[in-house]
Amino acid sequence: MSIPNRAVEKVRLLRKIERQRGELSQAGSDWLDATEKADHYWVKLVEMRKYLVVGSSLLAVYGIRHPSAVIRWSRRAFGIWGTVKLFRKTIGNK
């Protein structure tokens, strides 16, 4: 390979690298846009971590003393959650 061919090849490769960097930057922006909602909820969950730890500890202690009440309230909570999801799905389609 002669020296002029190396210079041409170097320029071609540098342009290819520059184009790939631009594509990578655009893909990174698209990724951040696509995951923005999930990131928002993740931040909220991390902010609530200490309250969730305290709440789950209290629920565990209460559950040891009153297991049937915890089971009954958990069934009610899942029932309400399912009803809300059903209403959202039904009303949201219109």
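Everything quoted here is computed from the prediction, not taken from an experiment.

About the cut-offs
What you see as residue numbers is a count from 1 along each chain, following the sequence as written. In view of the model being predicted, local features appear only for residues whose pLDDT reaches at least 70, and side-chain atom pairs are presented and counted only at 80 or more, with totals across whole chains, interfaces and linings using the full set of residues. Side-chain measures here rest on the full set of heavy atoms in the structure, leaving out hydrogens and waters. Numbered from the N terminus, helices here are DSSP runs of H or I no shorter than four residues, and strands are runs of E no shorter than two. Here the globule rule is a power law, 2.2 Å times the number of residues to the power 0.38, and the radius of gyration is based on C-alpha atoms. Each residue gets one of three labels from its accessible area relative to the maximum for its type: buried under 20%, exposed over 50%, partly exposed in between, using a 1.4 Å probe on protein chains only. Just to be clear on terms, a salt bridge is a Lys or Arg side-chain nitrogen sitting within 4 Å of an Asp or Glu carboxyl oxygen.

Trainee: Tell me about the overall build of the protein, and please be specific about residues and values.
Mentor: Each helix and strand counted, the protein has 4 helices and 0 strands in total. Listed by position from the N terminus, the elements making up the protein come as α-α-α-α. Relative to the compact-globule value of 12 Å for 94 residues, the protein shows a C-alpha radius of gyration of 28 Å, a clear excess of over 25%. Evaluated residue by residue, the protein yields a buried proportion of 3% over its 94 residues.

Trainee: I'd like a rundown of the pattern of salt bridges, residues and numbers included.
Mentor: With the rule as written, the count across this model stands at 1 salt bridge. Residue R12 is joined to E9 by a salt bridge in which the shortest nitrogen-to-oxygen separation is 2.6 Å. Of this pair, R12 and E9 both sit in helix α1 (residues 3-34), 3 residues apart, which is roughly one turn of the helix. Residue classification places E9 among the partly exposed positions, given a relative accessible area of 28%.

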